[in-house]
Amino acid sequence: MASHEVDNAELGSASAHSTPGSEAGPDELNTSVHQPIDGSPDYQKAKLQVLGAIQILNAAMILALGVFLGSLQYLYHVQKHFFFTFYTGYPIWGAVFFCSSGILSVVAGIKPTRAWIENSFGMNIASATIALVGTAFLSLNLAVNIQSLRSCQSSESPDLCNYTGSISNGMVSLLLILTSLELCVTISAIAMWCSANCCNSREEISSPPNSV
């Protein structure tokens, strides 16, 4: 009788130890399925910092080209529609928006709190909108420059008109390339934020509540 009781006690303790492990198996499998595919959180932080650094450098180059374009307008008093983009002020306020979103992206990568990430997301949306407006301004400026270059022969100094129009075309083309790059960077940052939130919401929905 004593041996039977000892056997039953060992059997009960073994089953008691095996039950929590068998219940924890599906939960572990559930959490492993919904891990981010593109890498660890450290990779996401580094990627956000790189995108922010690109935005800051891009903003500095846009501001420098805008200042050079404005100084060119004051040096050569020719047809002012060559400098349509400068009069809109896009190289200044566009650079301010791009630099602000870049700084917020870098800070959100260093300190990934919810407040910083949401501020970075909102600023990136604003920068993407500004980049679209800047693309429209620059495309219009290029179209106006092409028409103005054709009428340079009838101006008072055709050589100066052709020279200034060619420089303006080059500067506006560089600004258009940098603006397109900024648009791609902001869209990438927004897409990364949306994919991270989508993965988090999938984890919350897919993980069932722990049963007592």
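Because the structure is a prediction, the values reported are computed rather than measured.

### Section: helix H4 (residues 90–110)
Phase 1: Over its 21 residues, H4 runs 30 Å from end to end, which matches the ideal 30 Å to within 8%, given 1.5 Å per residue.
Phase 2: For H4, the complete set of buried residues consists of Tyr90, Pro91, Gly94, Ala95, Phe98, Ser101, Gly102, Leu104, Ser105, Ala108 and Gly109.

### Looking at the side chain of Thr179
Phase 1: One can find Thr179 in helix H6 (residues 158–206).
Phase 2: When its relative accessible area of 0% is taken as the criterion, Thr179 is described as buried.

### Points about the UniProt feature "transmembrane region" (unreviewed entry) in the chain
Phase 1: Feature annotation in UniProt assigns "transmembrane region" (unreviewed entry) to the following positions: residues 50–70, 90–110, 122–144 and 172–194.
Phase 2: In residues 50–70, the share of helix is 100% and the share of strand is 0%. The end C-alpha atoms are 30 Å apart.
Phase 3: Split by type, residues 122–144 is 100% helix and 0% strand. Its first and last C-alpha atoms lie 33 Å apart.

### Focus: a nonpolar patch on the surface
Phase 1: A surface patch of nonpolar side chains, about 350 Å² in accessible area, is lined by Leu63, Val67, Ile92 and Val96.
Phase 2: If you list the elements that add at least two residues to the nonpolar patch, you get helix H2 (41–75) and H4.
Phase 3: Mapped onto the fold, Val96 is located in helix H4.

### Regarding the packing of aromatic side chains
Aromatic ring pairs: the centre-centre distance and the angle between the two ring planes describe each pair.
Phase 1: Applying the stated criterion across every chain yields a total of three aromatic pairs.
Phase 2: Judged by centre distance (5.9 Å) and plane angle (65°), the rings of Phe86 and Tyr87 are edge-to-face.
Phase 3: Accessibility expressed as a relative area gives 22% for Phe86, which makes it partly exposed.
Phase 4: Each ring, one from Tyr90 and one from Trp93, has its centre 5.6 Å from the other, and the planes form 80°; the classification is edge-to-face. Residue Tyr90 and its partner Trp93 are located together in helix H4, separated by three residues, close to a single helical turn.

### Thoughts on the nonpolar core
Phase 1: Grouped together as the largest cluster of nonpolar side chains are 25 residues, with contacts concentrated most on Ile62, Tyr90, Phe98 and Leu138.
Phase 2: Going through the elements one at a time, H2, H4, helix H5 (114–150) and H6 are the ones with two or more residues in this core.
Phase 3: It is H6 that provides the largest number of residues to this core, a total of eight residues.
Phase 4: Setting aside anything within four residues of it in sequence, one finds Ile62 in contact with Tyr90, Pro91, Phe98, Leu175, Leu178 and Thr179.

### A look at the confidence of the model for the chain
Phase 1: When pLDDT is averaged across the chain, the result is 75; 69% of the residues are at 70 or more.
Phase 2: The element-level mean pLDDT for the chain is lowest in helix H1 (residues 2–33), coming to 45, with H4 highest at 92.
Phase 3: When the criterion is pLDDT under 50, residues 14–40 qualifies, and its contacts beyond four places in sequence or with other chains add up to 10 contacts.
Phase 4: Counting interchain partners and residues more than four positions distant, the pLDDT-below-50 stretch residues 201–209 has seven contacts.

### Considering the pattern of salt bridges
Phase 1: Inspection of the entire model under this criterion finds one salt bridge.
Phase 2: Note that Arg114 is salt-bridged to Glu118, the shortest N-O span being 3.1 Å. On the criterion of helical spacing, the pair formed by Arg114 and Glu118 is a turn pair, its members being four residues apart in helix H5.
Phase 3: Taking relative accessible area as the criterion, Arg114 reaches 65% and is therefore assigned exposed.

Cut-offs applied
Residues numbered from 1 in each chain as written. Predicted model: local features only at pLDDT ≥ 70, side-chain atom pairs only at ≥ 80, totals over all residues. Heavy atoms only, no water. Helix = DSSP H or I, 4+ residues; strand = E, 2+ residues; numbered from the N terminus. Expected span 1.5 Å × (residues − 1). Buried < 20%, exposed > 50% of the residue type's maximum accessible area, 1.4 Å probe, protein only. UniProt positions renumbered as here; feature names shortened; annotations may be inferred. Patch = residues over 30% accessible without salt bridge, like charges linked within 9 Å, V, L, I, M, F, W, Y side chains within 5 Å. Areas by Shrake-Rupley, 256 points an atom, 1.4 Å probe, with all protein chains shown as cover. Salt bridge = Lys/Arg side-chain N within 4 Å of Asp/Glu carboxyl O. Phe/Tyr/Trp six-rings, centres within 6.5 Å; stacked < 30°, edge-to-face > 60°. Core = buried A, V, L, I, M, F, W, Y, C linked by side-chain atoms within 4.5 Å. Contact = heavy atoms within 4.5 Å. pLDDT = per-residue confidence, 0-100.

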